[in-house]
Amino acid sequence: HPDASVRVDIFYEMDESSLFDIGIVYITGNERTKDVVIRRELSFFPGDRYNYYRIDTSRQRLMNMDYFEKVDIVEAPNPQDHSKKDIYVDVKEKLTGQVGVGVGFSSQDYLFGTITITQPNFDWKNYKNWFTGGGQHFRIKGEFGIHRQDVILSFTEPYFLHEQLKGRKVAAGFDVYWKNNNALGPDLRIMRIGGDLRAATPISMAWIPTVGKYLGVIKVEGALAGEYIRVGVDKSLDYGDTIVGEDTAWIKRRHVNRRNGRVQKRMVPLEYERYDKYLKKEKGSYAVLAPTITLTRDTRDALFLPTSGALTILKGRVGVGSTIYGLVEASHSQYFKLFELFERKPNYVFAGSHVLLLRGS
């Protein structure tokens with residue numbers, strides 16, 4: 001009867017299959033990227049117990065590299081040993097190198113141009129493959145303008161001495177730069193030449209009782225930066241709301257013509273030139289050596305377009321040399337997935353996950 005209350009007992013009967021070990025791991029689809037670059041991102045190896053979570057994590061880690069359009073990881077029975085499953089990692093590569101050229105104008109820098117060359121899948125040894133496929137990160141940027149010129153070069157090896165360190169992930173790299181800035185005023189020039197050496201490695205905090213399970217894995221990065229700074233100060237004249245440098249020999253002033261009494265403007269020589277008393281104290285050369293320690297905890301579900309998790313960064317720096325200073329920075333970003341629209345129609349406008357980001361520093 002429709003109105004009758006009926007209670008039904010349900011029994012579930014399950015037949016467990018055997019546990020499987022991982023057999024051979026095949027890498028396919030990579031034409032430029034070396035096999036080792038892909039294999040070192042996998043969290044499973046031949047002989048390990050089959051674990052779906054590790055396979056899914058490996059897929060996400062490969063996508064986070066931003067080398068591939070698509071990553072498929074599937075398993076198949078091992079023909080020689082039925083207690084094992086072979087894993088096929090199939091990737092579809094995409095172009096990773098980028099060259100950017102731009103021209104801009106601002107009230108401070110006036111006209112300037114930029115050029116940037118970036119290759120996140122760099123290989124400095126493989127010139128035959130256009131220096132790609134080694135998983136190294138390379139970037140060079142030049143910005144040249146009337147008042148400011150910058151040149152920056154960066155290189156990172158994400159798995160430095162991987163075999164010698166017995167699989168320990170240590171990222172090592174360096175940055176070098178030259179910066180020249182005349183935009184602060186016609187009587188002030190600042191040139192900086194410097195660079196840094198850096199290394200980073202993840203450290204599990206599980207050894208800390210109680211707190212360790214919440215902290216998870218924290219990446220520790222140490223860097224040693226050195227910088228040479230040269231400050232040049234020219235003579236100048238503070239004329240109203242305009243600072244005139246010593247390279248300007250004349251200035252326009254109001255002048256009364258004695259013959260007809262008309263007010264005219266004409267160029268007359270500067271009456272005096274002098275150094276700014278505050279800037280003059282800063283003139284000279286400086287050298288600074290600054291060690292830096294950075295702690296990073298990242299629980300985001302993806303590096304690109306994350307929908308959940310958090311990113312916490314704590315940085316401390318001490319500068320020693322011509323000047324002594326201390327710097328501490330802390331920042332935290334939290335991602336919350338609110339809702340998702342048009343799950344079955346991804347091409348629709350506003351389709352996909354809608355995420356709230358809260359950030360503080």
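These notes cover the structure that comes with them. (Residues numbered from 1 in each chain as written. Predicted model: local features only at pLDDT ≥ 70, side-chain atom pairs only at ≥ 80, totals over all residues. Heavy atoms only, no water.)

Right, let's get into the nonpolar core. By size, the foremost hydrophobic cluster in this structure holds 17 residues, and its most contacted members are Val25, Phe44, Leu62, Phe68, Ile87 and Val89. Among all residues touching valine 89, those that are not within four sequence positions of it are Val25, Tyr26, Ile27, Thr28, Ile38, Leu42, Phe44, Leu62, Asp72 and Ile73. (Core = buried A, V, L, I, M, F, W, Y, C linked by side-chain atoms within 4.5 Å. Buried < 20%, exposed > 50% of the residue type's maximum accessible area, 1.4 Å probe, protein only. Contact = heavy atoms within 4.5 Å.)

Inspection of the entire model under this criterion finds 6 aromatic pairs. Residues tyrosine 67 and phenylalanine 68 carry aromatic rings whose centres are separated by 6.0 Å and whose planes lie at 70° to one another, so their mutual orientation is edge-to-face. For the pair shown, tyrosine 67 and phenylalanine 68 are each scored as buried. Arranged with centres 6.0 Å apart and planes meeting at 15°, the rings of phenylalanine 122 and phenylalanine 131 form a pair that is stacked. For phenylalanine 122, a relative accessible area of 13% gives the class buried. The structure contains a cluster of three or more aromatic residues connected by ring pairs, namely Phe122, Phe131, Phe138, Phe155 and Phe174. Positioned over the ring face of phenylalanine 20 is lysine 85, at 4.6 Å from the centre of the ring. Positioned above the aromatic ring of tyrosine 50 is the side chain of lysine 85, whose terminal nitrogen or guanidinium carbon lies 5.2 Å from the ring centre. (Phe/Tyr/Trp six-rings, centres within 6.5 Å; stacked < 30°, edge-to-face > 60°. Lys NZ or Arg CZ within 6 Å of the ring centre and 35° of its normal.)

A separate point is helix α2 (residues 52–64). With 13 residues, α2 extends 19 Å from end C-alpha to end C-alpha; this agrees with the ideal 18 Å at 1.5 Å per step. Those residues of α2 not exposed but buried are Ile55, Ser58, Leu62 and Asn64. Buried residues in α2 make contact with α1 (35–39), β2 (68–77) and β3 (84–93). The opening residue of α2 is asparagine 51, an N-cap whose side-chain oxygen sits 2.8 Å from the backbone nitrogen of tyrosine 53. (Helix = DSSP H or I, 4+ residues; strand = E, 2+ residues; numbered from the N terminus. Expected span 1.5 Å × (residues − 1). Polar contact = N/O pair within 3.5 Å; in protein donor to acceptor, adjacent residues only side chain to side chain.)

Looking now at the sheet that holds β2. What links the strands of a sheet is backbone hydrogen bonding, and the strands pair in either a parallel or an antiparallel sense. The sheet built from 3 strands is open, its strands ordered β1-β3-β2 with mixed pairing. Each edge of the sheet is formed by a strand with only one pairing partner; in this case those strands are β1 (21–28) and β2. Adjacent strand axes in the sheet meet at a mean angle of 20°, parallel and antiparallel pairs treated alike. Of the strand pairs in this sheet, β1 and β3 are connected by 6 bridges, and their pairing is parallel. Following the sheet pairing, tyrosine 26 is matched in β3 by tyrosine 88. (Pairing = 2+ DSSP bridges. Axes fitted to C-alpha atoms, helices over the stretch in contact; angles between N-to-C directions.)

Our focus in this paragraph is the pattern of salt bridges. A full pass over the atoms with the stated rule returns 16 salt bridges. Through salt bridges that share partners, Glu143, Arg148 and Asp150 make up one connected network. (Salt bridge = Lys/Arg side-chain N within 4 Å of Asp/Glu carboxyl O.)

Although it is not a glycine, aspartate 66 sits at a positive phi angle of roughly 65°. Structurally, aspartate 66 can be placed in the loop between α2 and β2. Phi at leucine 161 is positive, roughly 50°, even though this residue is not glycine. With respect to the helices and strands, the residue leucine 161 is situated in the loop between β7 (148–157) and β8 (171–181). Under the relative-accessibility criterion, leucine 161 is labelled partly exposed at 40%.

Attention shifts here to the side chain of threonine 116. Within the secondary structure, threonine 116 is located in strand β5 (residues 110–122). Residue threonine 116 is classed as buried on the basis of its relative accessible area of 17%. Among residues more than four places away in sequence, those in contact with threonine 116 are Gln98, Val99, Gly100, Arg139, Ile140 and Lys141.

A cluster of nonpolar side chains, contributed by Phe336, Leu338, Phe339, Leu341, Phe342, Tyr348, Val349, Phe350, Leu356 and Leu358, occupies part of the molecular surface with about 990 Å² of accessible area. Broken down by secondary-structure element, the contributors of at least two residues to the nonpolar patch are β17 (325–341) and β18 (352–360). At 4 residues, β17 tops the list of elements feeding residues into the nonpolar patch. Tracing the chain through its elements places valine 349 in the loop between β17 and β18. (Patch = residues over 30% accessible without salt bridge, like charges linked within 9 Å, V, L, I, M, F, W, Y side chains within 5 Å. Areas by Shrake-Rupley, 256 points an atom, 1.4 Å probe, with all protein chains shown as cover.)

Another aspect to go through is the environment of lysine 219. Looking at the element boundaries, lysine 219 is found in strand β10 (residues 217–233). The exposure class assigned to lysine 219 is partly exposed, which follows from its relative accessible area of 38%. Along the backbone, lysine 219 and arginine 297 are 78 residues apart, and their C-alpha atoms lie at a distance of 6.4 Å. Lysine 219 has contacts with Ala200, Thr201, Pro202, Thr294, Leu295 and Thr296, leaving out every residue within four places of it along the chain.

Turning our attention to the sheet that holds strand β15 (residues 284–298). Read across the sheet, 11 strands follow the order β4-β5-β6-β7-β8-β9-β10-β15-β16-β17-β18 without closing on themselves; strand pairing throughout is antiparallel. Each having just a single partner strand, β4 (98–106) and β18 make up the two edges of the open sheet. Put simply, the sheet's adjacent strands are angled 15° from each other on average, direction ignored. With 8 bridges connecting them, strand β6 (residues 136–145) and β7 associate as antiparallel partners. Its bridge partner lying in β7, lysine 141 is registered against isoleucine 152.

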